[in-house]
Amino acid sequence: FGSREGVIRDVVLFDDEGCPTGSLLSGRAFAVEATIAMQEAVDDLVVGFLVRTPKGVDLFGVDNGVDRHPLAARAGQVVKVRLEGRMNLAAGEYFL
């Protein structure tokens with residue numbers, strides 16, 4: 001991302017049935033899958049996301065480093081990282 005060691009190629013949001021979606025239902029499970037093309041080798045790749053209000057207030061975030069599970073990736077490798085959670089926010093508009 002910022003360092004360009006990896007380039008985000010795709011991000012897909014999945015609903016609780018595993019279908020790609022553009023919106024989520026409150027109280028339901030979801031997943032976010034990011035596809036990253038590695039430009040350089042990285043021993044401790046951490047991928048995450050934030051949920052924000054339309055005014056830019058961060059509500060919550062998660063990443064694969066939270067539980068000390070960073071990934072090792074080689075230059076030229078395409079990495080897919082899937083993070084799962086539950087949408088425990090009231091109905092409204094949010095940004096991922």
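Residues numbered from 1 in each chain as written. Predicted model: local features only at pLDDT ≥ 70, side-chain atom pairs only at ≥ 80, totals over all residues. Heavy atoms only, no water.

**A word on the overall build of the protein chain**
- A tally of helices and strands in the protein chain yields zero helices and seven strands.
- Helices and strands appear in the protein chain in the N-to-C order β-β-β-β-β-β-β.
- By principal-axis analysis of the C-alpha atoms, the protein chain measures approximately 40 × 30 × 25 Å.
- The proportion of buried residues among the 96 residues of the protein chain is 28%.
- Of the contacts formed within the protein chain by residues at least 6 apart in sequence, a portion of 62% connects residues at least 24 apart.
- Within the structure as shown, the protein chain displays about 6,500 Å² of accessible surface, and the carbon and sulfur contribution to it stands at 50%.
- Side chains of the protein chain give 10 positive and 14 negative charges; the mean places of these two sets differ by 2 Å. (Helix = DSSP H or I, 4+ residues; strand = E, 2+ residues; numbered from the N terminus. Buried < 20%, exposed > 50% of the residue type's maximum accessible area, 1.4 Å probe, protein only. Contact = heavy atoms within 4.5 Å. Areas by Shrake-Rupley, 256 points an atom, 1.4 Å probe, with all protein chains shown as cover. Lys, Arg positive; Asp, Glu negative; His and termini not counted. Charge placed at Lys NZ, Arg CZ, Asp CG, Glu CD.)

**Comments concerning unusual backbone geometry**
- Although it is not a glycine, Arg-4 adopts a positive phi angle of roughly 65 degrees.
- Summarising the element assignment, Arg-4 is placed in the segment before β1 (6–14).

**Observations regarding the pattern of salt bridges**
- Under the defined criterion, the tally for this structure stands at five salt bridges.
- Between Arg-28 and Asp-16 there is a salt bridge, with the nearest N and O atoms lying 2.8 Å from each other. With Arg-28 in the loop between β1 and β2 (29–38) and Asp-16 in the loop between β1 and β2, this residue pair connects regions lying twelve residues apart in the sequence.
- On the basis of relative accessible area, Arg-28 is assigned to the partly exposed category, the value being 35%.
- Within this structure, Glu-33, Lys-80, Arg-82 and Glu-84 form a network of salt bridges that share partners. (Salt bridge = Lys/Arg side-chain N within 4 Å of Asp/Glu carboxyl O.)

**A look at the sheet that holds β1**
- As summarised here, the arrangement of the three strands in space is β1-β2-β7, forming an open sheet in which the pairing is antiparallel. Two strands in the sheet have a free side with no partner beyond their single neighbour: β1 and β7 (78–86). When the angles between neighbouring strand axes are averaged without regard to direction, this sheet yields 20 degrees.
- As paired strands, β1 and β2 are joined by eight bridges and run antiparallel to one another. Among the inter-strand pairings, Leu-13 is bridged to a residue of β2, identified as Val-32. (Pairing = 2+ DSSP bridges. Axes fitted to C-alpha atoms, helices over the stretch in contact; angles between N-to-C directions.)

**A look at the environment of Phe-14**
- Along the chain, the position of Phe-14 falls in strand β1.
- Each C-alpha atom of the pair Phe-14 and Phe-30 lies 5.6 Å from the other, and the pair is 16 residues apart in sequence.
- Beyond its immediate stretch of four places on either side in the chain, Phe-14 contacts Cys-19, Pro-20, Thr-21, Leu-24, Phe-30, Ala-31, Glu-33 and Arg-82.

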